Amino acid sequence: ADGRSVKRAIIHLHSPISHDACDGHTMEDAPSFADLRAGLCNDAVDAAFFTDHPSAAAEKTYEELFNLQEGDEVVDGLGSRMTCETGHQVLSMPGIEDELMPVGLDRHVADSPAENDSIYNAYTAESMAASVAAGGFPLQAHTEGQTIEVLLERQTWGQRGTEIFNLHAMVDPNKREDDLGLDGLAYLTQAGPFISGDSTAEPDLVFLAFYEEQTVSLERWDALNAIAPSLGTGGTDAHENALPMLMSDGERVDSYRRMMAWFSNYLVVSETTPAGYQAALEAHQTYLVFDSLGIPTGFDVAYGDVHYGTSAESPAVGANLVVTCPTLASTSPRDGQLPEITATVFRNGAIWQSECGTFAVTESGVYRVRIEILPHHLTGFLADQADILVHAYPWVYSQAFRIGL
């Protein structure tokens, strides 16, 4: 209603500049670079926040981090815009990922490669300040691997957000066991038929075989928001370097296209420029959607006249929190009955309400919404895997509302 639009963004994405992306090929000879660009177009990604590893990125000029190709347009000196064959446009912006992950950098943090490398690899208040001074929006990658004490300290340094879901952690056996408290290899029983070709299910839906809520990261995010505003993001962490075996559609398991189709950060923007996307992050005008379960439409959470989440001032207790459940978009694939869509509203990490609607807020706290979906509409696409994979999943996560704090 206010002229803004919802755009799909991938946050935490590695180009061939990262030393371990594209099966270890260099930037100059990486065949997967074409896959990356084609995947961004195929998945209708609007904004790509590149987060390349520091040691290699520090050696590049700031402009080289744009990954420019013939026909691309430099936008405001802060990113590059690619026009797809369909006419769809993708805006890419540079960033860095080690433990700290500043996205949307306006420039390198220092004047020499050695200084850049030293700062990007440091986890200090000074390195955080240098990234902020260079225009970066500092996020924490791999929340699941950090203690709450470390995260709280980094928040005092200026860290603005943290990953509440990371794809790498979902499939790495060691991270699943050590960081998420999940069985390291149990998901292979469900994923195996997709990869071996023994299943007739849609290959892209292999994601459902290993997708679970990352409770550890959500608990830490709640704790951070209890102290100060913290943006929650989903990290695709795509490298196209891990699972080169082909699935039944002739495409590798870990292709950029496949991984970027599974989930994305929806940003509510006033303009499709680097400044517009950065403003959406800063204002917490985002929500995380697991697109492989279906494309939502009509989702909204509002407290008074504040939508999606609070980023600065904490509004007073006494207004209503209005949760509007999404529906499955008419263009979203379906082969079966309509899905069942439900909602859970959390206050300080505990269940407060279990439906969409209007709720009077009479106590201070951190409020957030999770939309769940039971994807009956995917039954036909899951074929012989439907009996074990058609169950309720988290579908959409709102940002947090800090009320009366």
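This report concerns the structure included in the present document. Please read these numbers as outputs of a predicted model, since none were measured by experiment. (Residues numbered from 1 in each chain as written. Predicted model: local features only at pLDDT ≥ 70, side-chain atom pairs only at ≥ 80, totals over all residues. Heavy atoms only, no water.)

### Points about the pattern of salt bridges
Okay, step 1: Tallied over the full model, the rule gives 17 salt bridges.
Okay, step 2: Among the ionic pairs, Arg 81 bridges to Glu 73, the shortest N-O distance being 4.0 Å.
Okay, step 3: The class of Arg 81 is buried, set by a relative accessible area of 14%.
Okay, step 4: Residue class for Glu 73 comes out partly exposed when judged on its relative accessible area of 40%.
Okay, step 5: In this structure, Asp 204 and Arg 257 form a salt bridge, with 2.7 Å as the shortest nitrogen-oxygen distance. (Salt bridge = Lys/Arg side-chain N within 4 Å of Asp/Glu carboxyl O. Buried < 20%, exposed > 50% of the residue type's maximum accessible area, 1.4 Å probe, protein only.)

### Digging into the side chain of Glu 163
Okay, step 1: Here Glu 163 lies in strand 8 (residues 161-166).
Okay, step 2: Polar side-chain contacts of Glu 163 include one of 2.9 Å to the side chain of Asn 166.
Okay, step 3: In contact with Glu 163, not counting residues within four places along its chain, are His 12, Met 101, Gln 140, Ala 141, His 142, Thr 143, Ser 217, Thr 233 and Gly 235. (Helix = DSSP H or I, 4+ residues; strand = E, 2+ residues; numbered from the N terminus. Polar contact = N/O pair within 3.5 Å; in protein donor to acceptor, adjacent residues only side chain to side chain. Contact = heavy atoms within 4.5 Å.)

### Remarks on the packing of aromatic side chains
Okay, step 1: Taken as a whole and judged by the stated rule, the model has 21 aromatic pairs.
Okay, step 2: Seen in terms of ring centroids, Phe 207 and Tyr 211 are 5.0 Å apart; in terms of plane orientation they differ by 20 degrees. Their pairing is stacked.
Okay, step 3: Pairing Phe 210 with Trp 262 gives two aromatic rings, centres 5.7 Å apart and planes at 75 degrees, and the pair type is edge-to-face. You can see Phe 210 sitting in helix 9 (residues 207-210) and its partner Trp 262 sitting in helix 11 (residues 256-262), a full 52 residues away along the chain. Each of the two residues, Phe 210 as well as Trp 262, counts as buried.
Okay, step 4: Through pairs of rings, three or more aromatic residues link up here, namely Phe 165, Tyr 187, Phe 207, Phe 210, Tyr 211, Trp 262, Phe 263, Phe 290, Tyr 393 and Tyr 397.
Okay, step 5: The side chain of Arg 368 reaches across the aromatic face of Phe 346, ending 4.4 Å from its centre. (Phe/Tyr/Trp six-rings, centres within 6.5 Å; stacked < 30°, edge-to-face > 60°. Lys NZ or Arg CZ within 6 Å of the ring centre and 35° of its normal.)

### Some points on unusual backbone geometry
With the exception of glycine, most residues fall at negative phi, and the peptide bonds are largely trans.
Okay, step 1: Here the phi dihedral of Asp 76 falls at roughly 55 degrees; this positive angle occurs in a residue that is not glycine.
Okay, step 2: Here Asp 76 is to be found in the loop between strand 3 (73-75) and strand 4 (79-83).
Okay, step 3: We classify Asp 76 as exposed; its relative accessible area is 58%.
Okay, step 4: For Asn 348, which is not a glycine, the phi torsion comes out positive at approximately 55 degrees.
Okay, step 5: Considering the arrangement of structural elements, one finds Asn 348 in the loop between strand 17 (340-347) and strand 18 (350-353).
Okay, step 6: What makes Asn 348 partly exposed here is its relative accessible area of 43%.

None of the figures reported here should be taken as evidence of function without further support.
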